[in-house]
Amino acid sequence: MSDCITHSAPEPIFAEPWHAQVFAVTVALNEAGRFHWSDWAERFSNTLKRNGLKKELDGGDDYFHAWLETLEALLAEQGEAPTDDVQDIRNAWEEAYLTTPHGHPVHLR
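Residues numbered from 1 in each chain as written. Predicted model: local features only at pLDDT ≥ 70, side-chain atom pairs only at ≥ 80, totals over all residues. Heavy atoms only, no water.

Ranked by internal contacts, the top residues of the largest apolar core, which has 13 residues, are Trp40, Trp67 and Leu71. Looking at this core, the elements with two or more residues in it are helix 1 (17-31), helix 2 (37-52) and helix 3 (61-77). Tallying contributions element by element places helix 3 first for this core, with six residues. Residue contacts for Trp67: discarding those within four places in its chain leaves Val22, Phe23, Thr26, Trp37, Trp40 and Phe44. (Core = buried A, V, L, I, M, F, W, Y, C linked by side-chain atoms within 4.5 Å. Buried < 20%, exposed > 50% of the residue type's maximum accessible area, 1.4 Å probe, protein only. Helix = DSSP H or I, 4+ residues; strand = E, 2+ residues; numbered from the N terminus. Contact = heavy atoms within 4.5 Å.)

Next comes the structure, spelled out in structure tokens:
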């Protein structure tokens, strides 16, 4: 009698590539000594609490938008990524995306 071994792959941890990217950037900055993880955890907890007051968080995009919001605020506070610079880059990416023909790579000018 042969036993059939079945294996199902686990569900992906990150639903979107950018979720993994923002997580990896945060971990890399922590490992580089840019901030202490306990400080990060407190800040992120406060962001989740603040955003959770508006709606129930579902653990997907809203969770990682809160993660990104926390990271942007921390980097702005440290003078590493001022809010105006981040907004300028965000606007440039949006413009590039909206003006790039479908199916072509998006590039900043």
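Our next topic: the environment of Val106. In this fold, Val106 is placed in the segment after helix 4 (83-99). For Val106, a relative accessible area of 29% puts it in the partly exposed group. Placed 10 residues apart in sequence, Val106 and Ala96 show a C-alpha to C-alpha distance of 6.2 Å. Not counting residues up to four positions away in its chain, the partners in contact with Val106 are Trp93, Ala96, Tyr97 and Thr100.

Right, let's get into the packing of aromatic side chains. Scanning the model with the defined rule gives 15 aromatic pairs in all. Judged by centre distance (6.5 Å) and plane angle (50°), the rings of Trp37 and Trp67 are tilted. Residue Trp37 is found in helix 2, and its partner Trp67 is found in helix 3; the two are separated by 30 residues along the sequence. Overall, Trp67 belongs to the buried group, its relative accessible area being 5%. Consider the rings of Phe44 and Tyr63, whose centres lie 5.2 Å apart with planes at 90°: the pair is edge-to-face. Here Phe44 is found in helix 2, whereas its partner Tyr63 is found in helix 3, with 19 residues between them in sequence. Overall, the relative accessible area of 7% leaves Phe44 in the buried class. Given the relative accessible area of 28%, Tyr63 is considered partly exposed. Joined through ring pairs, the aromatic side chains of Phe14, Trp18, Phe23, Phe35, Trp37, Trp40, Phe44, Tyr63, Phe64 and Trp67 make up one cluster. (Phe/Tyr/Trp six-rings, centres within 6.5 Å; stacked < 30°, edge-to-face > 60°.)

This part takes up a nonpolar patch on the surface. A cluster of nonpolar residues, Ile89, Trp93 and Leu108, forms a patch on the protein surface that exposes about 290 Å² of accessible area. As for its placement among the helices and strands, Trp93 is situated in helix 4. Accessibility expressed as a relative area gives 40% for Trp93, which makes it partly exposed. (Patch = residues over 30% accessible without salt bridge, like charges linked within 9 Å, V, L, I, M, F, W, Y side chains within 5 Å. Areas by Shrake-Rupley, 256 points an atom, 1.4 Å probe, with all protein chains shown as cover. Salt bridge = Lys/Arg side-chain N within 4 Å of Asp/Glu carboxyl O.)

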